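In case you want the letters, here they are:
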Amino acid sequence: MSHPHERTLIRAPVYDLTERPFMVIWETTNACDLACRHCRAEAIAEVEPGTLTTEEGKRLLDQIEQFGRPRPIVIFTGGDPFKRQDIFELVAYGTGIGLPIAVSPSGTPLLNRENLRKLKAAGAKAISLSIDGSTPELHDNFRLVEGSFEMTLNGWRAAHEAGLKLQLNTTVTRYNLYDLPNIFRLVQDLGVMTWSVFFLVPTGRGKVEDEVSPQEYEDVMNWLYDASKLLSIKTTEGHHYKRIVLQRAVLDRLGVDPVPVMGLGETYRRLREDFERIADFSNARYVEEDRMRRPPLHINAGNGFVFISRRGEVFPSGFMPVAAGNVRETSLVDIYRESPLFRALRDPDAYEGKCGRCEFRYICGGSRSRAYAVTGDPVGEEPFCTYQPGSFPYLRELEPYLRLPPKGASD
């Protein structure tokens, strides 16, 4: 008999991801008034020549609409989208042709009530903001602009007043590793829709030396599994979180202590202890079973996910700057469906190293972006995963969870 939560542990879109992406990210500009340590876009102060024009942007949105229904979620990112004078016109155009639009602005003076109200009026459904430290000192040191922390919190309040849904993003680095429980409590207090935890990819300004270690990745993701029983959490470029969710679900079901089985270390112990001391357990029932408030979504670079640069280049991910074409020359639909690079990324059996042998490859697949950044090979081995294929001691109990739900069972 199947377990009642089997189909909800990993969500899958209701359609074929080889035909249409779940999410389209458009880097509307690389202009931004911040100078963040990890910036993928290596942002500059002003809009760069060669950026897609207003009309080219509208043609791109038309191409996204041509994927058909259900429409992909479209995220306007940057840089800072508010640095584009036409951002409200583009949002209005996209929503006018039926696309669900969200915007990811920066914590600068442009993140103000007037701009957020105009976004809402143009049809945007949600915004995402970044908090990378629980105090002004920690966050502003990461963003390298004094006052960014307060501007971000003020932006959250203004977005809430405007009726926009809000996601808060945090990038895990050596600068904020042990501040994560404090950031979690801040996110709880703000009452956001989702906490999105990014795992650094060494591209743009991001450096390998700013990464936490592979063992710390494992510890952080196991702690996120615990924390997800209180708050909706998702990961970006932390694809082996899906493996950990499945393993921990089995261990929860069997009543087995995860620390020795998962090989968890000092970082997990410290995060867990601080979490139990800092988190607010009063307004939400802590769930001691194999489910969470937001099961992970089965998408990866080039497989349900596509990124368009400010110049129209089409990448599997913003963290994998390998162009498969350009929307100025070829339809995004054709590039997404037919590109040899995208097709290769959708074949986990062709992944190299332990990723290609791993029993979790169809669910997880590792960060293709990090594999490329570290090895130079998009289908190379995920370099920050400690798991050895076949080593989980409860493989038989795990087997039902390794099957994705049939199309139409989740969204």
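If you're wondering where the values come from, they're calculated on a predicted model, not measured in any experiment.

1. Description of the overall build of the protein chain
Then comes step 1: The helix and strand tally for the protein chain stands at 15 helices and 10 strands.
Then comes step 2: The burial tally for the protein chain puts 61% of its 411 residues in the buried class.
Then comes step 3: Here the contacts in the protein chain between residues at least 6 apart in sequence split such that 75% fall between residues at least 24 apart.
Then comes step 4: For the protein chain, the exposed area adds up to about 16200 Å²; of that, 49% sits on carbon and sulfur atoms.

2. With respect to the packing of aromatic side chains
Then comes step 1: Counted according to the given criterion, the structure contains 16 aromatic pairs.
Then comes step 2: With a centroid separation of 6.2 Å and an interplanar angle of 5 degrees, the aromatic rings of Phe 307 and Phe 315 are classed as stacked.
Then comes step 3: Classification of Phe 307 by relative accessible area gives buried; the value is 3%.
Then comes step 4: Relative to Tyr 387, the ring of Phe 360 lies with its centre 5.5 Å away and its plane at 80 degrees, an arrangement referred to as edge-to-face. Of this pair, Phe 360 sits in the loop between helix 13 (354–357) and helix 14 (368–375) while Tyr 387 sits in the loop between helix 14 and helix 15 (395–398), and the two are 27 residues apart along the sequence.
Then comes step 5: What links up through ring pairs into an aromatic cluster is the set Phe 184, Trp 195, Trp 223, Phe 275 and Phe 281.

3. Topic: the pairing of strand 1 (residues 23–27)
Then comes step 1: For strand 1, the buried fraction is high: five of the five residues fall into the buried class.
Then comes step 2: Of the two faces of strand 1, both are covered, the one formed by Met 23, Ile 25 and Glu 27 as well as the one formed by Val 24 and Trp 26.
Then comes step 3: As paired strands, strand 1 and strand 2 (residues 73–77) are joined by five bridges and run parallel to one another. Following the sheet pairing, Ile 25 is matched in strand 2 by Ile 75.
Then comes step 4: Pairing between strand 1 and strand 9 (residues 304–308): four bridges, direction parallel. Across the sheet, the residue bridging to Val 24 is Val 306, located in strand 9.

4. Observations regarding helix 6 (residues 180–190)
Then comes step 1: Helix 6 sits mainly inside the fold: eight of its 11 residues count as buried.
Then comes step 2: For helix 6, the full list of buried residues reads Leu 180, Pro 181, Ile 183, Phe 184, Leu 186, Val 187, Gln 188 and Leu 190.
Then comes step 3: Backbone geometry just downstream of helix 6 places Gly 191 in the positive-phi region, at approximately 75 degrees.

5. Structural notes on the nonpolar core
Where a protein is soluble and globular, its nonpolar side chains tend to be buried together.
Then comes step 1: Membership of the largest hydrophobic core comes to 112 residues, with the highest contact counts inside it found for Phe 76, Phe 184, Trp 195, Trp 223 and Leu 332.
Then comes step 2: Apart from the residues within four sequence positions on either side, Phe 184 is in contact with Trp 195, Trp 223, Ala 227, Leu 230, Leu 231, Ile 233, Phe 275 and Ala 279.

6. A look at the pairing of strand 6 (residues 194–199)
Then comes step 1: Along strand 6, six of the six residues are buried, which leaves the element largely enclosed by surrounding structure.
Then comes step 2: Burial along strand 6 is two-sided: the face carrying Thr 194, Ser 196 and Phe 198 and the face carrying Trp 195, Val 197 and Phe 199 are both buried.
Then comes step 3: Here strand 5 (residues 165–172) pairs with strand 6 via six bridges, running parallel. Bridging from a neighbouring strand, Gln 167 pairs with Thr 194 of strand 6.
Then comes step 4: In the classification by handedness, the crossover that spans strand 5, the intervening helix 6 and the parallel strand 6 is right-handed.
Then comes step 5: Relative to strand 7 (residues 233–236), strand 6 runs parallel, the two being bridged by four bridges. Within strand 7, the position partnered with Phe 198 by the bridge is Thr 236.

7. Notes on the confidence of the model for the protein chain
Then comes step 1: Averaged over the protein chain, the pLDDT score is 89; the fraction of residues at 70 or greater is 88%.
Then comes step 2: For residues 1–7, every residue scores under 50 in pLDDT, and the model assigns this stretch 10 contacts once sequence neighbours within four places are set aside.
Then comes step 3: Under a pLDDT of 50 for its full length, residues 405–411 has, in the predicted model, 16 contacts with residues more than four places off or in other chains.

8. Brief notes about unusual backbone geometry
Most peptide bonds take the trans configuration, and most residues that are not glycine carry a negative phi.
Then comes step 1: Cis peptide bonds are those with omega within 30 degrees of zero, and the linkage from Arg 69 to Pro 70 qualifies with -10 degrees.
Then comes step 2: On the secondary structure map, Pro 70 appears in the loop between helix 1 (54–65) and strand 2.
Then comes step 3: Each neighbour pair has its own omega, and for Gly 78 with Gly 79 the value is 15 degrees, a cis peptide bond.
Then comes step 4: By the element assignment, Gly 79 lies in the loop between strand 2 and helix 2 (87–96).
Then comes step 5: Even without being a glycine, Glu 237 presents a positive backbone phi close to 55 degrees.
Then comes step 6: Topologically, Glu 237 is positioned in the loop between strand 7 and helix 8 (241–254).

9. Details of the pattern of salt bridges
Then comes step 1: Counted according to the given criterion, the structure contains 23 salt bridges.
Then comes step 2: We note a salt bridge from Glu 273 to Arg 269, for which the minimum N-O separation is 2.7 Å. Highlighted residues: Glu 273 and Arg 269, both in helix 10 (residues 266–278), separated by four residues, approximately one helical turn.
Then comes step 3: Taken together, the shared-partner salt bridges connect Asp 226, Arg 248, Arg 272 and Glu 276 into one network.

Reading the values: rules and limits
- Residues numbered from 1 in each chain as written.
- Predicted model: local features only at pLDDT ≥ 70, side-chain atom pairs only at ≥ 80, totals over all residues.
- Heavy atoms only, no water.
- Helix = DSSP H or I, 4+ residues; strand = E, 2+ residues; numbered from the N terminus.
- Buried < 20%, exposed > 50% of the residue type's maximum accessible area, 1.4 Å probe, protein only.
- Contact = heavy atoms within 4.5 Å.
- Areas by Shrake-Rupley, 256 points an atom, 1.4 Å probe, with all protein chains shown as cover.
- Phe/Tyr/Trp six-rings, centres within 6.5 Å; stacked < 30°, edge-to-face > 60°.
- Pairing = 2+ DSSP bridges.
- Core = buried A, V, L, I, M, F, W, Y, C linked by side-chain atoms within 4.5 Å.
- Right-handed = clockwise from strand over helix to strand, strands pointing away.
- pLDDT = per-residue confidence, 0-100.
- Salt bridge = Lys/Arg side-chain N within 4 Å of Asp/Glu carboxyl O.

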